[in-house]
Amino acid sequence: MYIEGAANLSRHVKVVDALNVFPVPDGDTGTNMNLSITSGVKEVKQNIQNDSSKVAAAFAKGLLMGARGNSGVILSQLFRGFSKQVEGKAEITANDLAEAFERGVETAYKAVMKPVEGTILTVAKDAAKHAVKTAKKHDDVVYVMEETVNEAKTSLKRTPDLLPVLKEVGVVDSGGQGLVYIYEGFLAVLKGEELSEVSTAEEISMDNLVKIEHHNAQSHMATEDIEFGFCTEVMVRIQAEKTSKNPFVETEFREELSQLGDSLLVVSDDDLIKVHIHAEQPGEVLTKAQRYGELINIKIENMREQHTHLLDETKEAYGQGASTDLPNKEKEKSEFGIVTVAMGDGIANLFKGLGAGVVIEGGQTMNPSTEDIVNAIEEVHAEKVIILPNNGNIIMAAEQAAQVVGEKAVVVPSKTVPQGLAALLSFNPTQGLEVNAGMMKDALSTVKSGQVTFAVRDTNIDGVDIKKDDFMGIAEKKIVSSGPDILEVTNQLFKQMIDNESEIVTILQGEDASDEQTTTLVQFLEEEFPDVEVDVHLGNQPLYSYIISVE
């Protein structure tokens, strides 16, 4: 069921991406949902069992660690609640299915700080409510799923009435559409049917999509010393005869293993325990895990050997020969570490220059997953970690990652690169974690953010007529200018963003913008706003010709 649900979403990724409200080249809702659910399916395939609750739990685990973007995180929470509701149920009745959908909705709503109606949440809620109502009258799983799909489709059609921006653009909610495709896949399996490929009409409607090269969401590698030398992964199939004498308590087991290494992840349910840890004595990890059941899927890798090989290759690439001067003393953790997300090597260098320890390559077109951010937190190798997402669609995954690693990590919810830079400038290493987080959050409101990109389709938003391939000036989340001339569009954006209190304008030049265009823009600012200081950096970010900060 889960596999076909994911497959049906995958077949319609472009359709879902095309429903993004803003016509910017970051149609990523479908992509994020697809990557997230693919992670869930991968976990299912590794844990094939003839037990509905176990399969649901495996699916939920994979979704949790693979969740990307807001849509992916919400999807992971929907099925986290679903799996909790069907715990211990090898077979699911119609009523079980309905209640599981309802539990999933409750879990997802709790995970979102400010739930917005007219989104995937509404579609899931309406479908679940109808499923519960139907299950009270019909004890037929197929019929209940069919009614769930029908109500999800009906709810999806209502989303423009609940979210005005959807009605203005003339689309339904993208996340809700993705969920409908998943539910349709579920229904097809239950009915023994095969779903058709994307229709010709749908393919034609995709003609206005540009091809976007997705940058790797995590192309960073640490060169610091390795404190714990063996990457150890093991899965434990819990055995009752062992746990009856030695009860398994996840929190206590996690605390026990934390003494053996770092990069620790422990995920469990009633039947399986999954452990990932970087340890110096992997045998101790296996011994402790074996107290609870049978060891399966064991993988141990010597990271020092891998790291030395990588160093040697790097030295040879630069004509320096192999390294013979590796330090003997293991490096201690620093007090603070900053993890941030950015696209473009120029922007990444800016963050590093201001003290960021790890910069995850990601952003609009490729949101890093929860697991990517967890890995970056461990890589920064610090006692206290501050995460700067720099994108509203990454905040939930960052918060989920912080929860996974525990109290040592906090998220400063920066929604743009300018906000992230302003926050980092306010960091004070002499202060504590909470104090710094507070100061950095306050700094977010001190900067205005703007972007210049191109439109991927014709539309009209907030009274602005937009033509495919035209440039657009976006102030915060509002499109304020549009046209074929990038200089005119950017100058109009400047006029919207700069006021009498503005002092500094920072321009981050993208990979598609020319030095000549940037020089012309600077001249405009110097003539139009002579009291404002202008600072220019080569950001090399894709898709966005300019990112603008006004302070």
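Residues numbered from 1 in each chain as written. Predicted model: local features only at pLDDT ≥ 70, side-chain atom pairs only at ≥ 80, totals over all residues. Heavy atoms only, no water.

K.L.:
Mind laying out the packing of aromatic side chains, listing which residues take part and the relevant values?
P.N.:
The geometry of an aromatic ring pair comes down to the distance between the two centres and the angle between the two planes. Taken as a whole, this structure holds 14 aromatic pairs when the rule is applied. A centroid spacing of 6.5 Å and a plane angle of 85 degrees characterise the contact between Y2 and F79, whose relative ring orientation is edge-to-face. With Y2 in helix α1 (residues 2-11) and F79 in helix α5 (residues 69-85), this residue pair connects regions lying 77 residues apart in the sequence. A relative accessible area of 6% means that Y2 is categorised as buried. For F79, a relative accessible area of 3% gives the class buried. With a centroid separation of 6.0 Å and 40 degrees between ring planes, the pair formed by Y183 and F186 is classed as tilted. Taken together, the positions of Y183 and F186, both in helix α10 (residues 174-191) and three residues apart, correspond to about one turn of that helix. Looking at Y183, the relative accessible area reads 4%, which means it is buried. (Phe/Tyr/Trp six-rings, centres within 6.5 Å; stacked < 30°, edge-to-face > 60°. Helix = DSSP H or I, 4+ residues; strand = E, 2+ residues; numbered from the N terminus. Buried < 20%, exposed > 50% of the residue type's maximum accessible area, 1.4 Å probe, protein only.)

K.L.:
Quick rundown of the confidence of the model for the chain? Include the residues and the values.
P.N.:
Any region with low pLDDT has predicted coordinates that should not be read closely. For the chain, the mean per-residue pLDDT works out to 83, and 85% of the residues sit at or above 70. The low-confidence segment residues 317-329, where pLDDT is below 50, has 11 contacts with residues more than four positions distant or belonging to other chains. (pLDDT = per-residue confidence, 0-100. Contact = heavy atoms within 4.5 Å.)

K.L.:
Tell me about the nonpolar core, and please be specific about residues and values.
P.N.:
Core analysis: the biggest nonpolar cluster contains 85 residues, and L78, F79, F82, Y183, I373 and I387 have the highest contact counts within it. Per-element accounting of this core gives the leading share, nine residues, to helix α7 (residues 120-135). Ignoring anything within four residues of it in the chain, the contact list for F82 reads Y2, A56, L97, A100, F101 and G104. With 26 residues, the next largest nonpolar core counts A342, V359, L388 and V456 among its residues. (Core = buried A, V, L, I, M, F, W, Y, C linked by side-chain atoms within 4.5 Å.)

K.L.:
Quick rundown of the sheet that holds strand β13 (residues 478-483)? Include the residues and the values.
P.N.:
With mixed pairing, six strands are arranged side by side in an open sheet as β13-β12-β9-β16-β14-β15. Where the open sheet ends on each side, the last strands, each with one partner, are β13 and β15 (533-538). Each strand axis lies, on average, 20 degrees off the axis of its neighbour in the sheet, ignoring direction. In this structure, strand β14 (residues 504-509) lies alongside β15, joined through six bridges in parallel fashion. Opposite I504, over in β15, you have E533 as the bridge partner. With respect to the sheet, helix α19 (residues 417-425) is in contact with β9 (448-454), β14 and β16 (546-550), its orientation differing from that of β16 by roughly 45 degrees. With respect to the sheet, helix α22 (residues 515-528) is in contact with β14, β15 and β16, its orientation differing from that of β14 by roughly 170 degrees. (Pairing = 2+ DSSP bridges. Axes fitted to C-alpha atoms, helices over the stretch in contact; angles between N-to-C directions.)

K.L.:
Before we move on, can you summarise the packing of helix α3 (residues 29-46) against α5 with the specific residues and values?
P.N.:
Two numbers describe how α3 lies on α5: the axes approach to 7 Å, and their chain directions differ by 40 degrees. Considering the angle they form, α3 stands oblique to α5. Note on packing geometry: the crossing formed by α3 with α5 is right-handed. Residues T29, N32, M33, S36 and I37 of α3 form the contact with α5, whose participating residues are G69, S71, G72 and L75. (Parallel < 35°, antiparallel > 145°, perpendicular 65-115°, else oblique. Left-handed = near helix turned anticlockwise from the far one by under 90°.)

K.L.:
Outline the sheet that holds strand β5 (residues 334-342), listing residues and values.
P.N.:
Sheet architecture is open: four strands sit in the order β6-β5-β7-β8, paired in parallel fashion. For this open sheet the edge positions go to β6 (358-361) and β8 (409-411), each flanked by a neighbour on one side alone. Across the sheet, the axes of successive neighbouring strands diverge by a mean angle of 20 degrees, strand direction being ignored. When strand β7 (residues 382-388) meets β8, the two strands line up parallel, connected through three bridges. Counted as the bridge partner of I386 is V410 from β8. Docked against the sheet, helix α16 (residues 345-353) engages β5 and β6, running at close to 160 degrees with respect to β5.

K.L.:
Any details on the packing of helix α13 (residues 250-258) against helix α14 (residues 282-289)? Residues and values, ideally.
P.N.:
Remark: α13 packs on α14, axes separated minimally by 11 Å, with the N-to-C direction vectors making an angle of 160 degrees. Considering their axes alone, α13 and α14 lie roughly antiparallel with respect to each other. Judged by the sense of rotation from one axis to the other, the crossing of α13 with α14 is right-handed. Residue-level inspection shows F253, E256 and L257 of α13 in contact with α14, the latter providing V285, K288 and A289. Counted by class, the contact of α13 with α14 contains four nonpolar, no polar and two charged residues. (Nonpolar A, V, L, I, M, F, W, Y, C, P; charged D, E, K, R; others polar.)

K.L.:
Report on the pairing of β9, specifying residues and quantitative values.
P.N.:
Counting buried positions along β9 gives five out of seven residues, so the element sits mostly inside the fold. Sheet topology places β9 next to β16; five bridges connect them, and they run antiparallel. Looking across to β16, one finds that S449 is bridged to S549. Note: β9 against strand β12 (residues 471-475), five bridges, orientation antiparallel. Looking at β12, one finds that Q451 is bridged to I474.

K.L.:
Please give an account of the side chain of T370 that cites residues and values.
P.N.:
Tracing the backbone shows T370 in helix α17 (residues 370-380). With a relative accessible area of 0%, T370 lands in the buried category. Those residues in contact with T370 that lie beyond four places of it in its chain are L64, M65, A67, A397, Q400 and A401.

K.L.:
Account for the environment of E335, with residues named and values stated.
P.N.:
Along the chain, the position of E335 falls in strand β5. The sequence separation of E335 and P429 amounts to 94 residues, and the corresponding C-alpha distance is 8.4 Å. For E335, the residues in contact, after removing those within four places along its chain, are A382, E383, K384 and P429.

K.L.:
Got a sec to walk through the pattern of salt bridges? Specific residues and values, please.
P.N.:
Enumeration over the complete set of coordinates arrives at 17 salt bridges. Residue E117 is joined to K125 by a salt bridge in which the shortest nitrogen-to-oxygen separation is 3.4 Å. Residue E117 is classed as partly exposed on the basis of its relative accessible area, which comes to 29%. For K408, the salt bridge identified is with E378, shortest N-O distance 3.6 Å. In this pair, K408 is assigned in the loop between α18 (395-405) and β8 and E378 in helix α17, connecting sequence segments 30 residues apart. Among the charged side chains, a network of salt bridges with common partners joins D126, E151 and R158. (Salt bridge = Lys/Arg side-chain N within 4 Å of Asp/Glu carboxyl O.)

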